Amino acid sequence: MNSSDNSMPPYGAALGIVTDHDEDGNPVLSVPFSERMMGRPGFLHGGAMSGLMEMAAFAALRAELDRRGERMRLKPVNIQVEFMRGGTEQTTYAMGTVTRAGRRVALVNAEAWQDDRSKPIALAQMKILLSPAG
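Rules used throughout
Residues numbered from 1 in each chain as written. Predicted model: local features only at pLDDT ≥ 70, side-chain atom pairs only at ≥ 80, totals over all residues. Heavy atoms only, no water. pLDDT = per-residue confidence, 0-100. Helix = DSSP H or I, 4+ residues; strand = E, 2+ residues; numbered from the N terminus. Pairing = 2+ DSSP bridges. Axes fitted to C-alpha atoms, helices over the stretch in contact; angles between N-to-C directions.

Turning next to the confidence of the model for the protein chain. The predicted structure's coordinates, where accompanied by low pLDDT, should not be read in detail. Residues with a pLDDT of 70 or more make up 96% of the protein chain, whose mean pLDDT is 90. Confidence, expressed as mean pLDDT per element, reaches its minimum in the protein chain at helix α1 (residues 10–15) with 86 and its maximum at strand β5 (residues 105–113) with 97.

Encoded structure:
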């Protein structure tokens, strides 16, 4: 795990989010449990989980755009998060999957899990506005 991941924006770096590994061209992000991630005692804060999935969605979209050789400015339009179960005091992982990346809008799904990937703790859908990077 890379503790000084320069690809993270300041919010992601402040939470301790790093790129853990790559799966079929999609970055998998991780964050260890810490006080920065804590909500109620012993559990992850919902906003921190949402932030992790937002970072995973952006990382997946950046990877897709890089594969296509496109430099785009990304602007979130909306995000919908579903919390499936409480995240506990352990490392949390997240990965985004681009479902559509057109010329102006991208749709990205993200999931967060802990010890068992088949049991996600949260799911997110994100719509992102694309514009040429100037």
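Strands sit in the order β1-β2-β4-β5-β6-β3 across an open sheet of six strands; the sheet is antiparallel. Edge positions in the open sheet fall to β1 (18–23) and β3 (72–83), since each of these has one partner strand only. The sheet shows a mean angle of 25° between the axes of neighbouring strands, taken without regard to direction.

Bringing the pairing of β5 into the picture now. Looking at chain direction, strand β4 (residues 92–101) and β5 are connected through eight bridges and run antiparallel. Considered in β5, the bridge of arginine 100 is made with leucine 107. From the end of β4 to the start of β5, which pair antiparallel, there are three residues. Sheet topology places β5 next to strand β6 (residues 122–132); eight bridges connect them, and they run antiparallel. Bridge pairing links leucine 107 to lysine 127 in β6.

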